[in-house]
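Residue strings, one per chain:
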Amino acid sequence: MNVIKEIHRINDLELENGMVNTPASWHQKYINSAWVYIGNLPIRLSEGDILAVMSQWGEVEDVNLVREEKTGKSKGFAFLKYEDARSCILAVDNLSGSVVLGRSLRVDHVENYRLPKHLREGEDGEGEDDKDDG
């Protein structure tokens with residue numbers, strides 16, 4: 001919850017100081033990444049549910065709901081890619097702290113998203129050198 005409060009505090013400061021949509025905004029660090037992290041998700045949500053919630057901020061290209069390897073159950077967090085990185089700003093600013101099925105979501109920027117190992121393998125020869133990455 002502290003991260004959510006901090007995001008709201010920083011956003012309020014930017015509004016007060018007129019730094020929104022300027023190079024001084026804290027969002028500028030993430031301007032080249034279209035990925036967001038979504039945490040504290042109710043474990044019963046599916047990729048489709050996440051898509052329905054997150055698509056109100058922009059066109060979604062990819063959703064990676066992280067699951068237990070053996071059981072396939074959700075671990076309660078996901079990574080989502082928007083078509084346009086500006087949608088990340090809208091999602092972070094407007095959805096962080098929102099309550100879904102009794103849980104306060106944490107939505108934050110992801111600076112350098114890396115595909116899961118099972119998806120990296122075989123892409124452009126990657127995977128062979130990454131076997132010890134975990």
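Here the structure is shown first, and the text comes after it.
This section reports on the structure supplied with the text. (Residues numbered from 1 in each chain as written. Predicted model: local features only at pLDDT ≥ 70, side-chain atom pairs only at ≥ 80, totals over all residues. Heavy atoms only, no water.)

**Observations concerning the sheet that holds strand β6 (residues 106-109)**
Link 1 in the chain: The strand order across the open sheet built from four strands is β2-β3-β1-β6, with neighbouring strands paired in antiparallel fashion. Among the strands making up the open sheet, the edge pair consists of β2 (60-67) and β6. Pairwise comparison of adjacent strand axes, ignoring direction, gives a mean angle of 20 degrees for this sheet.
Link 2 in the chain: The sheet contact formed by strand β1 (residues 35-39) and strand β3 (residues 74-82) spans five bridges and is antiparallel. Residue W35 lies in a different strand from β3, and its bridge partner there is K81.
Link 3 in the chain: Sheet strands in contact with helix α3 (residues 86-95) are β1, β3 and β6, and its direction is about 150 degrees off that of β6. (Pairing = 2+ DSSP bridges. Helix = DSSP H or I, 4+ residues; strand = E, 2+ residues; numbered from the N terminus. Axes fitted to C-alpha atoms, helices over the stretch in contact; angles between N-to-C directions. Contact = heavy atoms within 4.5 Å.)

**What about the pairing of β3?**
Link 1 in the chain: Across six bridges, the pairing between β2 and β3 is antiparallel. Across the sheet, the residue bridging to D62 is K81, located in β3.
Link 2 in the chain: As consecutive antiparallel partners, β2 and β3 are separated by six residues, and within that stretch G72 has a phi angle of approximately 80 degrees, a positive value.

**Side note on the side chain of S33**
Link 1 in the chain: Position of S33 among the secondary structure elements: in the loop between α1 (2-17) and β1.
Link 2 in the chain: Looking at S33, the relative accessible area reads 6%, which means it is buried.
Link 3 in the chain: Reaching out from S33, the side chain makes a polar contact with the backbone nitrogen of W35 at a distance of 3.3 Å.
Link 4 in the chain: A distance of 2.4 Å separates a polar atom in the side chain of S33 from the backbone oxygen of V110. (Buried < 20%, exposed > 50% of the residue type's maximum accessible area, 1.4 Å probe, protein only. Polar contact = N/O pair within 3.5 Å; in protein donor to acceptor, adjacent residues only side chain to side chain.)

**What to know about the side chain of S74**
Link 1 in the chain: On the secondary structure map, S74 appears in strand β3.
Link 2 in the chain: Given a relative accessible area of 8%, S74 falls into the buried group.
Link 3 in the chain: When near neighbours in sequence (up to four residues on either side) are disregarded, S74 contacts I43, L65, V66 and R67.

**Structural notes on the pattern of salt bridges**
Link 1 in the chain: Under the criterion given, the structure shown has four salt bridges.
Link 2 in the chain: Here E61 ties to K81 by a salt bridge, and the two come within 3.3 Å at their closest N and O atoms. Placement of E61 in strand β2 and of K81 in strand β3 is noted, with a sequence separation of 20 residues between them.
Link 3 in the chain: Taking the shortest distance from any N to any O, the salt bridge between R106 and D108 comes out at 3.7 Å.
Link 4 in the chain: Looking at D108, the relative accessible area reads 13%, which means it is buried. (Salt bridge = Lys/Arg side-chain N within 4 Å of Asp/Glu carboxyl O.)

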